[in-house]
Amino acid sequence: MGRPGYVTVPILSVLAAIGYVYYTAVFLAIPAWLGLTTAAGLANAAAFTALAAACVATYAVAVLRDPGRVPASFVPDVEDAGSPLHEIKRKGGDLRYCQKCSHYKPPRAHHCRVCKRCVLRMDHHCIWINNCVGHENYKIFLIFVLYAVIACLYSMVLIIGGAMHLPKDEQLGIDSPRTSIIVCGVLLCPLALALMVLLGWHVYLIVHNKTTIEYHEGVRAMWLAEKAGNLYHHPYNLGVYENLISVLGPNMFCWLCPISRNIGSGVRFRTSYDIPLSKAPM
């Protein structure tokens, strides 16, 4: 497993997959189905080229952007009335302190063993971008997955159309368009399914204002609460709309814009204790 910021085999695999799908869809499937010299063929080729470029651009940003570093000066203020919630260790009840980084952990921050440092609002470490998915790059990671799902579905339509219009007497061979289209279609099916599941998972997390780590921690916390006869409530769940804007930003028209950044510093987050009881999520 490579160090963050370095090009690794998984990154090269992703780029190779994007290049192979693009070549097959634009230079094999579209000519066989619509023809590259027709208006429909040129329009589809241009649209898919733009989508592929968006995938590569958002992927590059997700790889290169720092997920969020804990400020060296961060110290939790337990006397701050504006911060009614402080995360503590399960054992001992002390404030969360990272022995490896020698500093306190802000809420929702975790230490990554691969990156060898703490990451703000850490979701998970992704080998496919050789980087953590955290506060600073979570939104661009989500947009990349969305673009990738759209590109997979679009390319599957083009490939199916191209396969149906290939000459029936064409011989199968290593260099034949039919072979490339069939291989690409076989690869796209599990890839599209995996990406759709991943996108659905992160939509669920955003709607509930959770990270992957917090989801698994919440399962344990809910079990312990039920065992003690109590109810567990995720403290960062502000309601669906507030959860969406806390991750995607206040402007709905910029939610899927790759150049817009997330909000907040990643050191402090709103909780359900910050809003009136009459507006608290059920």
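Residues numbered from 1 in each chain as written. Predicted model: local features only at pLDDT ≥ 70, side-chain atom pairs only at ≥ 80, totals over all residues. Heavy atoms only, no water.

- For the protein, the name recorded in an unreviewed UniProt entry is S-acyltransferase, with Urochloa decumbens as its organism.
- Its UniProt record gives the protein a comment under Catalytic activity (unreviewed entry), which states: "L-cysteinyl-[protein] + hexadecanoyl-CoA = S-hexadecanoyl-L-cysteinyl-[protein] + CoA".
- Of the comments in the UniProt record for the protein, the one headed Subcellular location (unreviewed entry) reads "Membrane". (UniProt positions renumbered as here; feature names shortened; annotations may be inferred.)

Observations concerning the nonpolar core
Phase 1: Residues Tyr59, Ile129, Ile206 and Leu248 are the most contacted members of the largest nonpolar core, which totals 41 residues.
Phase 2: Residue assignment for this core shows that the elements contributing at least two residues are α1 (9–33), α2 (39–64), α3 (138–164), α4 (177–207) and α6 (240–248).
Phase 3: Of the residues forming this core, the biggest block, eleven residues, is contributed by α3.
Phase 4: Not counting residues within four places of it along the chain, the set of residues in contact with isoleucine 129 comprises Ile11, Tyr59, Ala62, Val63, Asn137 and Phe141.
Phase 5: One finds Val70, Phe74, Cys98 and Leu120 within the second-largest nonpolar core, a separate group that totals seven residues. (Core = buried A, V, L, I, M, F, W, Y, C linked by side-chain atoms within 4.5 Å. Buried < 20%, exposed > 50% of the residue type's maximum accessible area, 1.4 Å probe, protein only. Helix = DSSP H or I, 4+ residues; strand = E, 2+ residues; numbered from the N terminus. Contact = heavy atoms within 4.5 Å.)

Section: unusual backbone geometry
As a rule of thumb, non-glycine residues mostly have phi less than zero, and peptide bonds are mostly trans rather than cis.
Phase 1: Phi at arginine 108 takes a positive value of approximately 75 degrees, unusual for a residue other than glycine.
Phase 2: Inspection of the secondary structure assignment puts arginine 108 in the loop between β2 (103–104) and β3 (110–112).
Phase 3: The buried category is assigned to arginine 108, whose relative accessible area is 2%.
Phase 4: Despite not being glycine, asparagine 130 has its phi angle at roughly 50 degrees, a positive value.
Phase 5: Turning to its location among the elements, asparagine 130 is positioned in the loop between β5 (124–126) and β6 (131–133).
Phase 6: On the accessibility criterion, asparagine 130 (3% relative accessible area) is buried.

Re a nonpolar patch on the surface
Phase 1: Residues Val7, Leu12, Leu15 and Val56 make up a contiguous nonpolar surface patch of about 340 Å² in total accessible area.
Phase 2: As for its placement among the helices and strands, leucine 12 is situated in helix α1. (Patch = residues over 30% accessible without salt bridge, like charges linked within 9 Å, V, L, I, M, F, W, Y side chains within 5 Å. Areas by Shrake-Rupley, 256 points an atom, 1.4 Å probe, with all protein chains shown as cover. Salt bridge = Lys/Arg side-chain N within 4 Å of Asp/Glu carboxyl O.)

Observations concerning the packing of aromatic side chains
Phase 1: The tally for this structure, following the rule as stated, stands at ten aromatic pairs.
Phase 2: With a centroid separation of 6.2 Å and 80 degrees between ring planes, the pair formed by tyrosine 204 and tyrosine 215 is classed as edge-to-face. Here tyrosine 215 lies in helix α5 (residues 212–227) and tyrosine 204 lies in helix α4, a separation of eleven residues in the sequence.
Phase 3: You can call tyrosine 215 partly exposed: its relative accessible area is 25%.
Phase 4: Taken together, the aromatic side chains of Tyr22, Tyr23, Phe27, Phe48 and Tyr154 make up a single cluster linked through ring pairs.
Phase 5: Geometry around tyrosine 236 places arginine 108 over its ring, the cationic atom sitting 4.2 Å from the centre.
Phase 6: Over the face of the ring belonging to phenylalanine 269 we find arginine 108, whose NZ or CZ atom lies 4.9 Å from the ring centre. (Phe/Tyr/Trp six-rings, centres within 6.5 Å; stacked < 30°, edge-to-face > 60°. Lys NZ or Arg CZ within 6 Å of the ring centre and 35° of its normal.)

Some words on the layout of surface pockets
Phase 1: Counted as a void, the second largest pocket has a volume near 600 Å³.
Phase 2: Lining of the second largest pocket is provided by 27 residues; of these, Val14, Ala17, Ile18, Leu191 and Leu195 occupy positions nearest its centre.
Phase 3: Contributions of two or more residues to the lining of the second largest pocket are made by α1, α2, β5, α3 and α4.
Phase 4: Examining the composition of the lining of the second largest pocket, we find that seven residues originate from one element, α1, more than from any other.
Phase 5: The residue makeup of the lining of the second largest pocket, split by class, is 25 nonpolar, two polar and no charged. (1 Å grid on protein atoms, 1.4 Å probe; cavity = no way out; pocket = protein on both sides within 12 Å on 5 of 7 lines; lining within 4 Å. Points joined across faces, edges and corners; volume = space filled by probe spheres on them. Nonpolar A, V, L, I, M, F, W, Y, C, P; charged D, E, K, R; others polar.)

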